[in-house]
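# Notes for the structure review
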Amino acid sequence: MTLDDSLRALEAYYGSMPPVAAMDVSVAGYDGDCLRLHAPLSSHVNDKGSAFGGSLVSVMTLAAWGLVTLRVEQAGLDAEVYVADSTVRYRAPLLADLEAEATLDGASGDWAMFARTLRERGRARVALTARIALPDGGTATEMQARYVAIRRPTAEA
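Below you will find a few notes about this structure. Keep in mind that this is a model prediction, so the values were computed, not measured.

## Observations regarding the packing of helix α3 (residues 53-74) against helix α4 (residues 111-121)
- Interaxial distance between α3 and α4 falls to 10 Å at its minimum, and their mutual angle equals 70 degrees. In terms of axis orientation, α3 runs roughly perpendicular to α4. Helix-helix and strand crossings are classified by hand; for α3 and α4 the assignment is right-handed. Note on element contacts: α4 touches α3 through Trp-111, Phe-114 and Leu-118, opposite Leu-67, Val-68, Arg-71 and Val-72.
- Along the lines of polarity and charge, the residues of the contact of α3 with α4 split into six nonpolar, no polar and one charged.

## Considerations on unusual backbone geometry
- Although it is not a glycine, Asp-24 sits at a positive phi angle of roughly 60 degrees.
- Structurally, Asp-24 can be placed in the loop between α2 (18-23) and β1 (26-30).
- A residue is classified by how much of its surface remains accessible, and Asp-24, at 44% relative accessible area, is partly exposed.

## Comments concerning α3
- The first and last C-alpha atoms of α3 sit 32 Å apart over 22 residues, in line with the 32 Å expected at 1.5 Å per residue.
- Looking one or two residues past α3, Gly-76 carries a phi angle of roughly 75 degrees, positive in sign.

## Focus: α4
- Buried residues of α4: Trp-111, Phe-114, Ala-115 and Leu-118, and no others. End-on, the buried residues of α4 take up no more than an arc of 95 degrees, which puts them together on one face. In α4, the exposed positions angled more than 90 degrees off the buried face are occupied by Glu-120 and Arg-121.
- Each element contacted by the buried residues of α4 is listed here: α3, β3 (79-90), β4 (98-104), β5 (123-133) and β6 (139-151).

## Topic: the nonpolar core
- One finds Tyr-14, Leu-35 and Tyr-147 to be the most contacted residues of the largest nonpolar core, which totals 47 residues.
- If one sorts the elements of this core by residue count, α3 sits on top with 11 residues.
- Contact partners of Tyr-147, with chain neighbours within four places excluded, come to Thr-61, Ala-64, Trp-65, Val-68, Val-81, Tyr-82, Val-83, Ala-84, Ala-124, Arg-125, Val-126 and Leu-128.

## Digging into the sheet that holds β1
- Pairing within the open sheet is antiparallel, and its six strands lie in the order β1-β2-β4-β5-β6-β3. Single-partner strands in this sheet number two, and they are β1 and β3. On average, adjacent strands in this sheet sit at an angle of 25 degrees to one another, irrespective of strand direction.
- Note that β1 and strand β2 (residues 34-39) share four bridges and pair antiparallel. Looking at β2, one finds that Val-27 is bridged to Leu-37.
- Strand contacts of helix α1 (residues 3-16): β1 and β2, with the helix running at about 150 degrees to β1, the strand carrying the most contacts.
- Sitting on the sheet, α4 is in contact with β3, β4, β5 and β6, with an inclination near 145 degrees to β5.

The rules behind the values
- Residues numbered from 1 in each chain as written.
- Predicted model: local features only at pLDDT ≥ 70, side-chain atom pairs only at ≥ 80, totals over all residues.
- Heavy atoms only, no water.
- Axes fitted to C-alpha atoms, helices over the stretch in contact; angles between N-to-C directions.
- Helix = DSSP H or I, 4+ residues; strand = E, 2+ residues; numbered from the N terminus.
- Parallel < 35°, antiparallel > 145°, perpendicular 65-115°, else oblique.
- Left-handed = near helix turned anticlockwise from the far one by under 90°.
- Contact = heavy atoms within 4.5 Å.
- Nonpolar A, V, L, I, M, F, W, Y, C, P; charged D, E, K, R; others polar.
- Buried < 20%, exposed > 50% of the residue type's maximum accessible area, 1.4 Å probe, protein only.
- Expected span 1.5 Å × (residues − 1).
- Arc of directions from axis to C-beta.
- Core = buried A, V, L, I, M, F, W, Y, C linked by side-chain atoms within 4.5 Å.
- Pairing = 2+ DSSP bridges.

Everything listed here is a matter of geometry and, on its own, says nothing about what the molecule does.
Here it is, written out as structure tokens:
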């Protein structure tokens, strides 16, 4: 599967979940290290005209989940990915579209170690950072999260 195929499949997977489909989330870019998602403010506006807090954390959670899912696939592994825990900080109201980006938290390890652990032990954890930027480049919301991948059992012939 090519990278473009993987990104289309990820976007289709997001769209297959009714709550996520209602969020109108789309893949905005991926460079191997950072997955970016976009969601229009009009689908996430609260009573103050800014982005709803639950939407902010949801889009960041989806970006981080998608990044881990892509990295598992790129390692040639078949695993389910789950969010283990997260901490969110709301820094400023967002009055624009939601632009989330997720990256590996470099202090916690690297993708090669994550894939090796998943391959050898059948499960692995990884820490990520996600953020939603303000139009001026500042931070509206940021999240530190840990995700776990659990290999699916292989079919016996």
